[in-house]
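Chains, contacts and geometry: an overview
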Amino acid sequence: MSADVLAHAVAEGDKGYIQEITGVNLIAFMYLGAKHMVTGYDHLLFLLGVIFFLYQMKHIAIYVSLFAVGHSTTMLLGVYFNIGINSYIIDAIIGLSIVYKALDNIGAYQRWFGFQPNTKAATLIFGFFHGFGLSSKIIEYDISPDGLVPNLLAFNVGVEIGQLIALAMILIAISFWRKTDGFFRHAYTANVAMMSAGFLLFGYQLTGYFVA
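Anyway, here's the lowdown on the structure attached to this text. Given the structure is predicted, the values throughout are model-derived calculations rather than measurements.

1. Quick notes on the environment of Glu140
For Glu140, the location among the structural elements is in helix H7 (residues 119-140). For the pair Glu140 and Tyr17, spaced 123 residues apart in sequence, the C-alpha to C-alpha distance is 14 Å.

2. Focus: the packing of aromatic side chains
As enumerated under the stated definition, the model contains 14 aromatic pairs in all. When the centroid spacing of 5.4 Å and the interplanar angle of 40° are considered together, the rings of Tyr100 and Phe126 count as tilted. On the criterion of sequence distance, the pair formed by Tyr100 in helix H5 (residues 87-105) and Phe126 in helix H7 is long-range, its members being 26 residues apart. Grouping residues by exposure puts Tyr100 and Phe126 together as buried. Clustering of aromatic rings is evident, with ring pairs tying together Phe46, Phe67, Tyr100, Tyr109 and Phe126. The ring centre of Tyr55 lies 4.2 Å from the NZ or CZ of Arg178, which sits over that ring. The aromatic ring of Phe176 is capped on one face by Lys179, whose charged end is 5.5 Å from the ring centroid.

Reading the values: the criteria
- Residues numbered from 1 in each chain as written.
- Predicted model: local features only at pLDDT ≥ 70, side-chain atom pairs only at ≥ 80, totals over all residues.
- Heavy atoms only, no water.
- Helix = DSSP H or I, 4+ residues; strand = E, 2+ residues; numbered from the N terminus.
- Phe/Tyr/Trp six-rings, centres within 6.5 Å; stacked < 30°, edge-to-face > 60°.
- Buried < 20%, exposed > 50% of the residue type's maximum accessible area, 1.4 Å probe, protein only.
- Lys NZ or Arg CZ within 6 Å of the ring centre and 35° of its normal.

What follows is the structure in structure tokens.
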């Protein structure tokens, strides 16, 4: 499998559109942002990990907002100031963010090291990396400076809309699962599977970095 397939990329059809578009196109960029989030398996896995054991909506809102602030900040600033970071390295770190959260969910840090990392700070920090993952790809596509700022803002609004849609779907699914007798019995296995997916993503991205 080509590592490009697993890079934090915008779809090829959308890539061509981004490269050709000029001027302010708010609706188009909102759509692209929402599509990226809803189809971004790395974002969705991290988001699932973040809310896995959160039951109160106020707690979910806090953590999702921290992730959104981090993601939005680096995506906007990264593109605007042309801060390019190797997308494979960023995606490898994003893979590790999934591993981190899965380990946190199974209480590994307390058992292994006797302390609990600040989960809010970690969510914000990894949000920064998720944002750089997208900004690095957008920079590679060399979009037109004509209408750049409003288009980026519209893209970011779309990302947040997509995140809310994805969050709603995840919450509906996990709410039904939590009502079953097997939820706590299988929660450990689910987080181990999530951790394995994070390691797989990490490995593919490093492979892409060294063979690119």
